[in-house]
Structure formats: structure tokens, C-alpha cells
Amino acid sequence: MNNGTFYAVGVGPGDPELLTRKACRILENCPVIAAPRTASGEMLALEIARGAVDLTGKEILPLEFAMARQISARKAGYRKAAERIATVLETGRDVAMVNLGDVSIYATAYYVLDVVRSMGFRVEMVPGVPSFCAVAAALGRSLTEPEAPLHIYPAGKTDLDTALAQPGTKVLMKSGSAMASTAQALERQGLADKSAMVADCGLPTEQVFQTMEDLPEKISYFATVIVPEK
């Protein structure tokens, strides 16, 4: 029996209407859908996909990943997920793993795909709308100017003062967990009133902030900040 193919599928940031036609086709055709699951049981990427594709009758394969700082712990999680997926692929069935945003940008599905590929299975990446592109649209802003660079940073793991000093637009992804330090850095650089943010973009809980001043105490982990050039 031939092995199945593993697909890493980007489902966009939250709005089911942002799934591509290819993503929908792959999800419709795959008999097994793998999805990250939080400790509380939430499978957000799967719920977004359900808003665009009828997944009735498909086998759902929940995957749990530790939110660990240690690279070795994260890699162990990717290996464990890949091994579970491999047991399905060996039966000849295809597996599609759903991933928030795009599968090439800080994407768990890609890290799993890389392991699955090293095990000798066929793999394919299905791109999705990146969260920061949807955020820019929600804010009514362009991310770039002619000849100006665009920088993308994980806010919680970046020297923000150095990052904010770079020319061009800065995108600070997953800022919710580092909101206090992010807001403070923007204040120090005189950019708080020029920067903007969207949390839970495309979801029913979406929040739009046209400046980074007077923010509420609690912001979703899925918060993206757009910082213009000084």
C-alpha cells in the first residue's frame, strides 16, 4: 500500500472567508484532519476551518504541543506529533494539519512537516493569509512604502529597542504575552501614538486599536502590532 501525503494547511488568522480555494479543496479531500489542541481543549485552527469546509465524517487527530522555552522540548513535541501522523500515513490515508495564518511564518505545522518529510513521506505546504496582512487590512494601512523594508519579529523574544530602530515598517507578532514591554518600548521610541494593533483578527473577539496608548490590561495572545517608520 502506498503511503499517504501530509499537507500543512494555512487557514488564515480567523475569518473563515479568508481560507483559499486550495485550502478548502485539500481539507475536503483529506480523510484525516490534524489540529493543534490547547491544554483547555480548544482547537482554534480547526474551528476556523469548520467555518469554511464541512468536516463531517472526517477523523480528527488532536495534537498537543508544550509552550516551552527550551528548543529541545519544542522539538520533542514536533517529533511526537509527526510520529502520530506517520502511523496514519502508513495506512495510505492523507492527513491535513490546519495551522493559523500561513504555514511558513512561525508555523507549528511547518515544524511538524519538516520532521514528517525527514521520515520519507510526501509533504505539501498550502499557504494561507498571514495574520499581519489581515491586520493591516483591518487597520486600513499599507505594510510597505517604495524601497522601504518590512521587518517581522516575535514580540516576546526580541530586543524591541533595537528592532524599532530599524528602517521601514515593523510587525510585532504574538504581542499579547509581552504587551507591557511592547507598549513601554513604543513609548520610549516615541512610536506609541503612531503604531496600531489588532487582537484576534477575524474572530468574533476581534479588537482594533488605532494607537498603542491607553490599552486595556488584558490583550489576547494573538495580537499583532504594526509600527511605521519613525
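Residues numbered from 1 in each chain as written. Predicted model: local features only at pLDDT ≥ 70, side-chain atom pairs only at ≥ 80, totals over all residues. Heavy atoms only, no water.

1. Some thoughts on the sheet that holds strand β6 (residues 150–154)
Filter applied, for reference: Only strands that DSSP links by at least two bridges are regarded as paired with each other. Runs of H or I in DSSP of at least four residues are treated as helices and runs of E of at least two as strands, each being numbered from the N terminus. The axes used here are C-alpha line fits, helices contributing only the stretch in contact, and every angle between their N-to-C directions lies in the interval 0 to 180 degrees. In what follows, a contact means two residues having at least one pair of non-hydrogen atoms within 4.5 Å.
In space, the five strands of this open sheet follow the order β6-β7-β10-β8-β9, with mixed pairing throughout. The open sheet is flanked by β6 and β9 (207–209), the only strands paired with a single partner. Sheet twist, expressed as the average angle between the axes of neighbouring strands with direction ignored, equals 15 degrees. Pairing analysis gives three bridges linking strand β7 (residues 169–173) to strand β10 (residues 223–227), with the strands arranged antiparallel. Considered in β10, the bridge of V171 is made with I226. Taken strand by strand, helix α5 (residues 131–139) contacts β6, β7, β8 (196–199), β9 and β10, and its axis lies near 65 degrees from that of β10. Taken strand by strand, helix α7 (residues 179–188) contacts β7, β8 and β10, and its axis lies near 10 degrees from that of β10.

2. Looking at the pairing of strand β1 (residues 5–10)
Stated formally: Note on classification: 1.4 Å probe, protein chains only; a residue is buried when its accessible area is under 20% of the maximum for its type, exposed when over 50%, partly exposed between these limits.
β1 sits mainly inside the fold: six of its six residues count as buried. Side chains T5, Y7 and V9 of β1 all project onto a buried face; the interleaved residues F6, A8 and G10 project onto the opposite face, where all are buried too. The pairing of β1 with strand β5 (residues 122–126) spans five bridges and is classified as parallel. Pairing of T5 across the sheet is with R122, part of β5. Of the pairings in the sheet, the one linking β1 to strand β4 (residues 95–99) comprises five bridges and is parallel in character.

3. Some thoughts on the layout of surface pockets
To keep it simple, the criterion reads: Only protein atoms enter the calculation, which uses a 1 Å grid: trapped sets of points that fit a 1.4 Å probe without letting it out are cavities, open sets showing protein on both sides within 12 Å along at least five of seven lines are pockets, and any residue with an atom within 4 Å of a point is a lining residue. Grid points are joined across faces, edges and corners, and a volume is the space filled by probe spheres set on the points. When residue character is reported, Ala, Val, Leu, Ile, Met, Phe, Trp, Tyr, Cys and Pro are called nonpolar, Asp, Glu, Lys and Arg charged, and the others, Gly included, polar.
In this model, the largest pocket occupies a volume close to 1500 Å³. Lining the largest pocket are 45 residues, and of these M67, T108, K174, Y221 and F222 sit closest to its centre. In this structure, the second largest pocket spans a volume of roughly 160 Å³. Lining the second largest pocket are R37, P62, L63, E64, G77, K80, A81 and R84. Contributions of two or more residues to the lining of the second largest pocket are made by β3 (59–64) and α3 (71–89). Top contributing element to the lining of the second largest pocket by residue count: α3, with four residues. Here the lining of the second largest pocket is built from residues that sort into three nonpolar, one polar and four charged.

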